[in-house]
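# Commentary on secondary and tertiary structure
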Amino acid sequence: RLDADGYRTWCGFDPRNLHLISQHPAALDSAGFVAAQRYRGFPWTTEDYLDLAASAPWLWWASQDWCVEPEIARDRDAVLDRISGTVRLNMQCLIGAERRRITHNFMPVIQGWQPRDYIRCIERMPFIRDFPLIAVGSMCRRHVTGPNGILAVLDVLSDMFAGTATKFHLFGLKSQGMQHAAKQSHVASCDSQAYGIAARHEAGRRRISKTDQFLARTMRDWYARQIRMATALPPPQQLHTSAIAEVEPPLGTHELRVNAAYDELRTLHEAGEIDWSNLSPQAAYEFAYLDD
């Protein structure tokens, strides 16, 4: 799997060799987590990314998205802002895909941290229900169980897509998460960088170079182990959490007014009416009292 960051910087990959993807199938994602962690945003434009998506016969290419892992989105407002940003990026990627005639392998991406966040994301782009495969982001920092765990998220999503043919691709799962996700009927595939971490640690322990050949052997061994473990794993004991409401403190009149204004700003951003830079608590406060 190549991402946009790898496309630009990986010395072993030359854009002139894109034709090799037809012989060695690969998928493309936008490197959203890496971009957020390293650059605090994408250092390339959506148009650049769409050009890359159109340049080769990828198995699928994923929409750009704004991840919401806790180290990236440090409070609730940041999570909701990044969900709105993800909605907007999905719309931009879909429009660009239609223009380039590459919608056949386009994979929308949904984002959230609490299970209800994914519902919010889906409700804002209902067109994804027509896609056979969608990606579920911000999965790599989760426990398997618990109110915000992998199984809780899949529980909610399975309810939302009940009776449809839509399947899920899960970004960034570790071994335990992949083993449990394999038992879920709506899950089509997962990806992981766990093998890369294992290869780096093993090469360091043995004091050898982490060559491409060493990494490839590690990846094959890791993949075979995941298949064996997933086959042998019993179904997890998980409570049905989708109906569990999270108790939040009541809000005063001021907080309700500002929150409503903030949500309106997010809706305007999703529709392309305002830029990402207009989403902030200060902007919401000013918008809430604009007429006063």
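Basis of the calculations
Residues numbered from 1 in each chain as written. Predicted model: local features only at pLDDT ≥ 70, side-chain atom pairs only at ≥ 80, totals over all residues. Heavy atoms only, no water. Helix = DSSP H or I, 4+ residues; strand = E, 2+ residues; numbered from the N terminus. Contact = heavy atoms within 4.5 Å. Areas by Shrake-Rupley, 256 points an atom, 1.4 Å probe, with all protein chains shown as cover. Pairing = 2+ DSSP bridges. Axes fitted to C-alpha atoms, helices over the stretch in contact; angles between N-to-C directions. Polar contact = N/O pair within 3.5 Å; in protein donor to acceptor, adjacent residues only side chain to side chain. pLDDT = per-residue confidence, 0-100. Phe/Tyr/Trp six-rings, centres within 6.5 Å; stacked < 30°, edge-to-face > 60°. Buried < 20%, exposed > 50% of the residue type's maximum accessible area, 1.4 Å probe, protein only. Lys NZ or Arg CZ within 6 Å of the ring centre and 35° of its normal. Salt bridge = Lys/Arg side-chain N within 4 Å of Asp/Glu carboxyl O.

Here we come to the overall build of the protein. Assigned secondary structure in the protein consists of 11 helices and 8 strands. Taking as baseline every contact in the protein between residues at least 6 positions apart, the subset at least 24 positions apart corresponds to 67%. As presented, the protein carries roughly 15800 Å² of accessible surface, and 54% of it is formed by carbon and sulfur atoms.

Strand order in the open sheet formed by 4 strands is 5-6-7-8, and the pairing between neighbours is parallel. Every other strand in the sheet has two partners, leaving strand 5 (109-110) and strand 8 (187-190) as the edge strands with one partner each. Pairing analysis gives 4 bridges linking strand 6 (residues 133-136) to strand 7 (residues 167-170), with the strands arranged parallel. When the sheet's bridge partners are listed, alanine 135 is paired in strand 7 with histidine 169. Sitting on the sheet, helix 6 (residues 150-160) is in contact with strand 5, strand 6, strand 7 and strand 8, with an inclination near 155° to strand 7.

Here the focus is the environment of glutamine 64. Among the secondary structure elements, glutamine 64 is positioned in the loop between strand 3 (61-62) and helix 4 (76-100). With 33 residues separating them in the primary sequence, glutamine 64 and alanine 31 have C-alpha atoms 8.0 Å apart. Beyond its immediate chain neighbours, meaning those up to four positions away, glutamine 64 contacts Ser30, Phe42, Trp44, Thr45, Thr46, Tyr49, Leu89, Asn90 and Cys93. At 2.6 Å, the side chain of glutamine 64 and the side chain of threonine 46 are in polar contact.

Another point: the confidence of the model for the protein. For the protein, per-residue confidence averages 82 on the pLDDT scale, and residues scoring 70 or more make up 85% of the total. Ignoring residues within four places in sequence, the model shows residues 1-13, a span with pLDDT below 50, making 32 contacts including any to other chains. With pLDDT under 50 throughout, residues 239-245 is counted as low confidence; its partners more than four residues away or in other chains account for 8 contacts.

Counted under the stated rule, the structure contains 8 aromatic pairs. Centre to centre, the rings of tryptophan 61 and phenylalanine 106 are 4.8 Å apart; their planes meet at 45°, and the pair counts as tilted. Highlighted residues: tryptophan 61 in strand 3 and phenylalanine 106 in strand 4 (residues 106-107), separated in sequence by 45 residues. Phenylalanine 106 shares its class with tryptophan 61; the two are buried. Taking the centre distance of 5.6 Å and the plane angle of 80° together, the rings of phenylalanine 106 and phenylalanine 131 count as edge-to-face. On the criterion of sequence distance, the pair formed by phenylalanine 106 in strand 4 and phenylalanine 131 in the loop between helix 5 (115-123) and strand 6 is long-range, its members being 25 residues apart. For the pair phenylalanine 106 and phenylalanine 131, one class covers both residues: buried. The lysine or arginine in question, arginine 129, covers the ring of phenylalanine 161, its NZ or CZ lying 5.5 Å from the ring centre. Directly above the ring of tryptophan 113 sits arginine 142, whose terminal nitrogen or CZ lies 4.2 Å from the centroid.

Among the residues of helix 5, those classed as buried are Pro115, Asp117, Tyr118, Arg120, Cys121 and Ile122. Buried positions along helix 5 lie against helix 4, strand 5, strand 6, helix 6 and helix 10 (253-270).

Quick look at the pattern of salt bridges now. In the structure shown here, the tally under the stated rule is 8 salt bridges. Between glutamate 202 and arginine 205 there is a salt bridge; the shortest N-O distance is 2.6 Å. Within this pair, glutamate 202 and its partner arginine 205 are both found in helix 8 (residues 194-206), separated by 3 residues, close to a single helical turn. Relative accessible area serves as the criterion here: at 26%, glutamate 202 is assigned to the partly exposed category. Between glutamate 202 and arginine 206 there is a salt bridge whose closest N-O contact spans 3.8 Å. Here glutamate 202 pairs with arginine 206, and both are found in helix 8, just 4 residues apart, close to one helical turn. Salt bridges linked by common partners bring Glu47, Asp51, Arg99 and Arg100 together as one network.

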